[in-house]
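Observations on the model geometry
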Amino acid sequence: MNILMVASECVPFVKVGGLADVVGTLPKYLKRLGHDVRIILPKYRSIDGKKYDLQPLPYILKVSVGKDIEKFRIKRGVTEDGINVYFIENMRYFNRPGIYGDGNSDYGDNRERYIFFCKAAIEAAKALMFRPDIIHCHDWQTGLIPAYLKTNLKNDGFFWNTSSIFTVHNIAYQGQFGADTVAAAGFSWEDFTTDKLEFHNNVNFMKCGIGMSDAVSTVSPTYALEIKEFNGMGMEIVLNSRTDRIYGILNGIDYDYWNPKTDSCIPANYSKDNLAGKKICKAELQKMCGFDEDEDAYLLGCVSRLDNQKGFDIIIDALYGLRDKKMQFVILGSGDQFIKLQIQQAVSKMPKTVAAFFEYNEPLAHKIYGGCDAYMMPSRFEPCGLSQIIALAYGTIPIVNRTGGLSDTITYYNHFTKEGNGFMFNITYGENFVQTILKSEKIFRDKKNWDALTQNAMNCVFSWDKSVEAYHKMYEDAANKKRHELLFRV
Ligand code: ADP
Ligand code: GLC
């Protein structure tokens, strides 16, 4: 099949969170199944054209956004796995320091930026003569593409056989704007109806993606159920109108990249058969954080966007609640300024046991996954979560809230049967993170059990091999339904 991935992030070029990991990894596995996969991304300023040897293609294209005509170029790059990536270059919308905002708030013209991007992706496919069987769109930034295919492009010969897939990575970010978006995006008012563009008298990009694509997926089976039942943030009714087309497919991680045996960012390599290197990683991390280099101190870490989703209020309470214990905490994160301030306060009060780095720092993330004993992830909701899966690969034990993808990947360690790969608590049932950390510390201090738990963690494999089959099946289902619809139309 010809598959066109359209997304706003993709490793190694641009990453804010796990969306980038998924968009950067899934194509490699689809390619192994024999598909021709291409990726379309915005050319943000932070993407280094020289480093990635991006080559301008000889077209200057244009699309309209509201009353403006926006010109753009396409630059082509190729990933290490030989996948073509096309970058949409437009100075007005993407030549800025940030991706979605300036660090304090989202850009005020994100609506226009992603209307432009969706339209440009469609024009780019045409200019490249890449006629997709599947356009796979990710998150709200690409939600208008399925809508264009079902409205303005309904009778467009180029896309007559194209099915659209929309993947929800996080339903909390929906891209909802006023009704004037109909005109800004160039839709017809006739399509401003509940079954198409309209959502509470607004245009909601995510609703367009969910409601107008040929199949919808989200990134774990449990989250797929949760968003239909109670966690859909207003989107439940839309999802329930499409239950026959919703797939919950668990993310994997790229074990070639997240591998403590070969990782060049950590001070010493190790594997489940020889964990000596992990001790060195711990000691180096303690040194970097200004902590005592003490093997017996229980070292817990977290690498995350600073966002309420991730349960930072719960983490911050735990920092204070556990201050008298033989524990150390390290946090790497960027995002919400208020969360940052609260963490800074905790660091200033407990500098010998709490350290924080407020930046996006890939090598440091690896050092934290490698050097910590346990990983904190008390997310209030979590569509899938990759951090806990990465932590498992590094033998760093996840302590998580039972929600979404965390429920699908983490099982409570049972010291009688020696089964399980982490620790869980349930916020909804009033269970407590601090108590769960204390329980995990008991196991940490019991070497035999901790060794067994570490082995269990490192034996877990959440690879893309299985998930890619599920994506493939979803593509086939969508293509079959499309064929059926076309027959019916004729
Ligand atoms: P989300 O996509 O909600 O942010 P995930 O757990 O799916 O959460 O993915 C987060 C990804 O982003 C992981 O690969 C994690 O290591 C990475 N990450 C998050 N914050 C940072 C940071 N400040 N520096 C480096 N990597 C980060
Ligand atoms: C989102 C979710 C996260 C998921 C990631 C990749 O950002 O918050 O849970 O792992 O997308 O699908």
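Residues numbered from 1 in each chain as written. Chains lettered and ligands numbered in written order. Predicted model: local features only at pLDDT ≥ 70, side-chain atom pairs only at ≥ 80, totals over all residues. Heavy atoms only, no water.

Quick look at the packing of helix H9 (residues 276-289) against helix H12 (residues 362-371)
Between H9 and H12, the least distance of the axes is 8 Å, while the angle of their chain directions is 120°. The orientation of H9 relative to H12 falls into the category oblique. Classified by chirality, the crossing of H12 by H9 is left-handed. Across from Lys278, Cys281, Lys282, Leu285 and Met288 in H9, the residues of H12 making contact are Leu364, Lys367, Ile368, Tyr369, Gly370 and Gly371. (Axes fitted to C-alpha atoms, helices over the stretch in contact; angles between N-to-C directions. Helix = DSSP H or I, 4+ residues; strand = E, 2+ residues; numbered from the N terminus. Parallel < 35°, antiparallel > 145°, perpendicular 65-115°, else oblique. Left-handed = near helix turned anticlockwise from the far one by under 90°. Contact = heavy atoms within 4.5 Å.)

Re the site of ligand 2
Around ligand 2 sit 14 residues in total, of which His169, Asn251, Glu382, Cys384 and Gly385 are the nearest. Residue His169 places a side-chain N or O atom 2.7 Å away from an oxygen atom belonging to ligand 2. Within the side chain of Asn170, a nitrogen or oxygen atom sits 3.3 Å from an oxygen atom of ligand 2. Taken by itself ligand 2 offers 310 Å² of open surface, and the protein chains cover 94% of this. At three residues, helix H1 (residues 18-32) tops the list of elements feeding residues into the shell around ligand 2. Tallied by class, the residues present in the shell around ligand 2 amount to six nonpolar, six polar and two charged. (Near = heavy atom within 4 Å. Polar contact = N/O pair within 3.5 Å; in protein donor to acceptor, adjacent residues only side chain to side chain. Areas by Shrake-Rupley, 256 points an atom, 1.4 Å probe, with all protein chains shown as cover. Nonpolar A, V, L, I, M, F, W, Y, C, P; charged D, E, K, R; others polar.)

Some thoughts on the packing of aromatic side chains
Following the criterion strictly, the structure yields 29 aromatic pairs and no others. Taking 5.9 Å as the distance between ring centres and 50° as the angle between the ring planes, the aromatic pair formed by Phe94 and Phe116 counts as tilted. Of the two residues, Phe94 is situated in helix H2 (residues 91-94) and Phe116 in helix H3 (residues 110-127); the sequence distance between them amounts to 22 residues. Take Phe94 and Phe116: they sit in the same class, and that class is buried. Members of the aromatic cluster, joined through ring pairs, are Tyr44, Phe72, Tyr93, Phe94, Tyr100, Tyr114, Phe116, Phe117, Trp140, Phe177 and Phe205. Lying over the aromatic face of Tyr107, Arg96 brings its terminal NZ or CZ to 4.7 Å of the ring centre. (Phe/Tyr/Trp six-rings, centres within 6.5 Å; stacked < 30°, edge-to-face > 60°. Buried < 20%, exposed > 50% of the residue type's maximum accessible area, 1.4 Å probe, protein only. Lys NZ or Arg CZ within 6 Å of the ring centre and 35° of its normal.)

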